[in-house]
Amino acid sequence: MSTYTELLKSPQWISLRDRHRARTKSTCEDCGAKEIPVDIHHRVYGRRLKPWDYPDDNFVVVCHPCHRTREEIADMARTIFQVLDPATAHKFLSRLLHSKGALADTCGRMTKNMEVGV
Ligand SMILES: [Zn+2]
């Protein structure tokens, strides 16, 4: 059995990776940075699937900082699903996705409150 790192050296992965890099001309699909080193991010992982066994729309071409951000957000989302029941977690995360302005206002207000010790 191959490790994940070994699988990412396989011809199947290299072919997929290069195809997606060519598709975007190595432009980060999150921040728009052009002609930089990019990673191929899996939107969703299946435990028994090989890294290349997904439809094309499961892959996002991202720069290293944006890839880290996506992984951090995924980790936080997993934590939210661990502490809330699944329906509440889904509702909470869905609302965050669709209310960026409200989220920014709340985040700004909470940060300001922390600074003044409220
Ligand atoms: Zn980026």
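Cut-offs applied
Just so you know, the residues in each chain are numbered from 1, in the order the chain's sequence is written. Per-residue local features are limited, in this predicted model, to residues with pLDDT of at least 70; the limit for side-chain atom pairs, both in listing and counting, is 80 or more; totals at the level of whole chains, interfaces and linings are taken over all residues. Going along the chain from the N terminus, every DSSP run of H or I of four or more residues is numbered as a helix, and every run of E of two or more is numbered as a strand. Here the expected length of a helix is defined as 1.5 Å per residue gap, with one fewer gap than residues. We call a residue exposed when 12 or fewer other C-beta atoms sit within 10 Å of its C-beta, buried when the count reaches 20 or more, and partly exposed for counts in between; the C-beta positions come from the backbone. Domain delimitation follows an automatic or database domain assignment. Note on definitions: angles span 0 to 180 degrees between N-to-C directions of axes, and those axes are lines fitted to C-alpha atoms, for helices only across the stretch in contact. When describing relative orientation, an angle under 35 degrees is termed roughly parallel and one over 145 degrees roughly antiparallel, while 65 to 115 degrees is termed roughly perpendicular and anything else oblique. Crossings are assigned a handedness: left-handed for a near helix turned anticlockwise from the far helix by less than a right angle, right-handed for a clockwise turn. Once C-beta atoms are placed from the backbone, any two residues with those atoms within 7 Å are in contact. In this count, Pro and Cys sit with the nonpolar residues alongside Ala, Val, Leu, Ile, Met, Phe, Trp and Tyr, while Asp, Glu, Lys and Arg are called charged and the others, Gly among them, polar.

*Asks:* Help me out: how do you make sense of helix 4 (residues 86-97) in this one?
*Replies:* Each α-helix winds once per 3.6 residues, and so residues spaced three or four apart point in a common direction. Between its terminal C-alpha atoms helix 4 stretches 16 Å, which fits the 16 Å expected from twelve residues at 1.5 Å a residue. Counting buried residues along helix 4, only zero of its twelve residues qualify, which leaves the element largely exposed.

*Asks:* Before we go on, may I ask you to explain the domain arrangement of the chain in this structure?
*Replies:* The extent of an interface is frequently quoted as the accessible surface area lost upon association of the parts. What the domain assignment lists for the chain is domain 1 (4-83) and domain 2 (86-118). Each of domain 1 and domain 2 has a C-alpha centre, and the two are 27 Å apart.

*Asks:* Where do I start with the packing of helix 3 (residues 64-83) against helix 4 in this structure?
*Replies:* Helix packing for two helices is described by the angle between their axes and how far apart those axes are. Their axes nearest at 7 Å, the elements helix 3 and helix 4 cross at an angle of 140°. If you check the angle between helix 3 and helix 4, you find them oblique. Along this stretch, helix 3 crosses helix 4, giving a crossing that reads as right-handed. Of the residues in helix 4, those touching helix 3 at Ala77, Ile80 and Phe81 are Pro86, Ala89, Phe92 and Leu93. Class assignment for the residues of the contact of helix 3 with helix 4 results in seven nonpolar, no polar and no charged.

*Asks:* Can you walk me through unusual backbone geometry in this structure?
*Replies:* If a residue is not glycine, its phi is most likely negative; likewise, a peptide bond is most likely trans. Positive phi is not limited to glycine here, since Lys25 has a value of about 55°. With respect to the secondary-structure elements, Lys25 resides in the loop between helix 2 (11-24) and strand 1 (38-42). The phi dihedral of Glu35 falls on the positive side, at around 50°, and the residue is not glycine. Along the chain, Glu35 falls in the loop between helix 2 and strand 1. Exposure remark for Glu35: the 8 C-beta atoms within 10 Å place this residue in the exposed category.

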